[in-house]
Structure formats: C-alpha cells, structure tokens
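Observations on chain architecture
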Amino acid sequence: MKNLKELEEQKKILVEKYGLFMEKQEKFTPISARIFATLLINKENGSTFDELVNFLGASKSTISTNLKSLQESDTIDFFTKPGDRKKYFTLNPVGFLSRIEDDLKMYKTEHQLATEVVNFKKEANEILNNTDDEFELSHETPYLDYLTNTISIIEQLRNDIRTKCSVFQRFDSSYPE
C-alpha cells in the first residue's frame, strides 16, 4: 500500500507524462499542459489557484496567464463554493466537446478524400482496362472501413457526452449532428 507521499509523487509523474502528451497533441504551452493534466486528475473537486501554484511549482503570474488562456479557449472553467471566495478550476466539458468535434471533422474530411482517391482509381482502371498500369484497390477498403468505424465511434462518444452533460443543452443547436 502506498503512502500519501508516494501517491503525490506518482501524481506528479503522471501530470508530467500527460502534460508532455498535451504539449504535442494540443500544442499547449508546458504550464498549460500541466494545468490541464492536474485538472484531469482532480476533476471532481477542482483545484484552486494556490493549489496549482504549489503543486506545479510555477510562479503565480505564470499560472495566472495560463489559466486565463485555458479559460479563453473554453478548455477550463471554474466554480465557487458558498462562503468561500476561492475559484475552483475544472476542465470544461464544452472544450472537450469542441476537441471531439475537431477530430470528427478531420476524420470526415480524410474519409471524403480517401473516397475520392478510390473513385479516381476505379475510373482510371476502367480506362486502363486490364493493363499493367491498373491501380490495386484491395488496400483501400480496410482503410476506408477504419475511417468509417472511427467516425461512428467518435459520433457516439459525442452524443453520449451531450446526453450526460446538462451544460450542453443550452449549446445543442451550435453542434451539428
């Protein structure tokens, strides 16, 4: 059984790993990526400004600047508790849904382009009519299937999130099916 100190060290390692991933994946600044990772771990309770400063070991101005940037991009939000003046920062489900929509758009665009490539090859094969220059089409089907399945899974995830998070009800018309 791990003690509290070991658990905190494991959390720091996980925040660093996830932070590095988010720097590359989402093009976040290093501190923004670590804030994101910290909030992902603490998502139910949120994290205060001071907790983020202490945990991440960054200056107050650095944390403040990056919190503002993450709020402006709808990646994070905050809530307050009655009788407590502190802000508790959490990940914003609207920002998460936006990431899903961006991924969905990318996969749909790639699927459309891959379909156009297949159609081009089919048309070319009709013209080339059994010559050595004909295009091989058997490699295209598994990739199109992958894209189709990925789109379907992402659409289902998006719909599940929208159903489970009441915050989306007021944004429903801004996110197309």
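Above this text you will find the structure in question.
Residues numbered from 1 in each chain as written. Predicted model: local features only at pLDDT ≥ 70, side-chain atom pairs only at ≥ 80, totals over all residues. Heavy atoms only, no water.

Digging into the overall build of the chain
From N to C terminus, the chain includes six helices and two strands. The N-to-C order of helical and strand elements in the chain reads α-α-α-α-β-β-α-α. The C-alpha atoms of the chain give 23 Å as radius of gyration, which overshoots the globular expectation for 177 residues (16 Å, by more than 25%). Burial statistics for the chain: of 177 residues in total, 31% are counted as buried. In the chain, 51% of the contacts between residues at least 6 apart in sequence involve partners at least 24 apart. Element-wise, carbon and sulfur atoms account for 53% of the exposed surface of the chain, whose accessible area totals about 12100 Å². With 24 positive and 30 negative side-chain charges, the chain shows a spacing of 13 Å between the two charge centroids. (Helix = DSSP H or I, 4+ residues; strand = E, 2+ residues; numbered from the N terminus. Rg over C-alpha atoms; globule rule 2.2 N^0.38 Å. Buried < 20%, exposed > 50% of the residue type's maximum accessible area, 1.4 Å probe, protein only. Contact = heavy atoms within 4.5 Å. Areas by Shrake-Rupley, 256 points an atom, 1.4 Å probe, with all protein chains shown as cover. Lys, Arg positive; Asp, Glu negative; His and termini not counted. Charge placed at Lys NZ, Arg CZ, Asp CG, Glu CD.)

Remarks on helix H4 (residues 60-72)
One turn of the α-helix equals 3.6 residues, which is why residues spaced by three or four share an orientation. The end-to-end C-alpha distance of H4 is 18 Å, a good match for the 18 Å that 13 residues give at a rise of 1.5 Å each. Within H4, the full set of buried residues consists of Ile63, Asn66, Leu67 and Leu70. Along the axis of H4, the buried residues cluster in a sector spanning 105 degrees; they form a single face. Along H4, the residues that are exposed and aim more than 90 degrees away from the buried face are Thr65, Lys68 and Glu72. Looking at the buried residues of H4, the elements they touch are helix H2 (30-41), helix H3 (49-56), strand E1 (76-81) and strand E2 (84-91). Backbone geometry just downstream of H4 places Asp74 in the positive-phi region, at approximately 60 degrees. (Expected span 1.5 Å × (residues − 1). Arc of directions from axis to C-beta.)

Focus: the pairing of E2
Examined bridge by bridge, E1 and E2 share five bridges and lie antiparallel to one another. Looking across to E2, one finds that Phe79 is bridged to Tyr88. Counting the residues that bridge the hairpin from E1 to E2 gives two residues, and of these Gly83 lies at a positive phi of roughly 80 degrees. (Pairing = 2+ DSSP bridges.)

A closer look at the environment of Lys108
Note on placement: Lys108 falls in helix H5 (residues 93-128). Sequence spacing of Lys108 and Asp84 is 24 residues, and the spatial spacing of their C-alpha atoms is 46 Å.

Looking at unusual backbone geometry
Notably, Lys27 is not glycine yet its phi reads approximately 60 degrees, a positive angle. Mapped onto the secondary structure, Lys27 falls in the loop between helix H1 (4-26) and H2. Of note in this structure, Asp74 is not a glycine but carries a positive phi near 60 degrees. In this fold, Asp74 is placed in the loop between H4 and E1.

So, the packing of aromatic side chains
Each aromatic ring pair is described using two quantities: the centre-to-centre distance and the angle formed by the ring planes. Within this structure, the stated rule accounts for seven aromatic pairs. Among the aromatic residues, those joined into a ring-pair cluster are Tyr18, Phe21, Phe28 and Phe36. The lysine or arginine in question, Lys81, covers the ring of Tyr88, its NZ or CZ lying 4.2 Å from the ring centre. Above the face of the Phe78 ring, Lys87 is positioned so that its terminal group lies 4.5 Å from the ring centre. (Phe/Tyr/Trp six-rings, centres within 6.5 Å; stacked < 30°, edge-to-face > 60°. Lys NZ or Arg CZ within 6 Å of the ring centre and 35° of its normal.)

Some remarks on H2
With 12 residues, H2 should reach 16 Å at 1.5 Å per residue; the first-to-last C-alpha distance of 17 Å fits that figure. In this fold, the buried residues of H2 make contact with H1, H3, H4, E1, E2 and H5.

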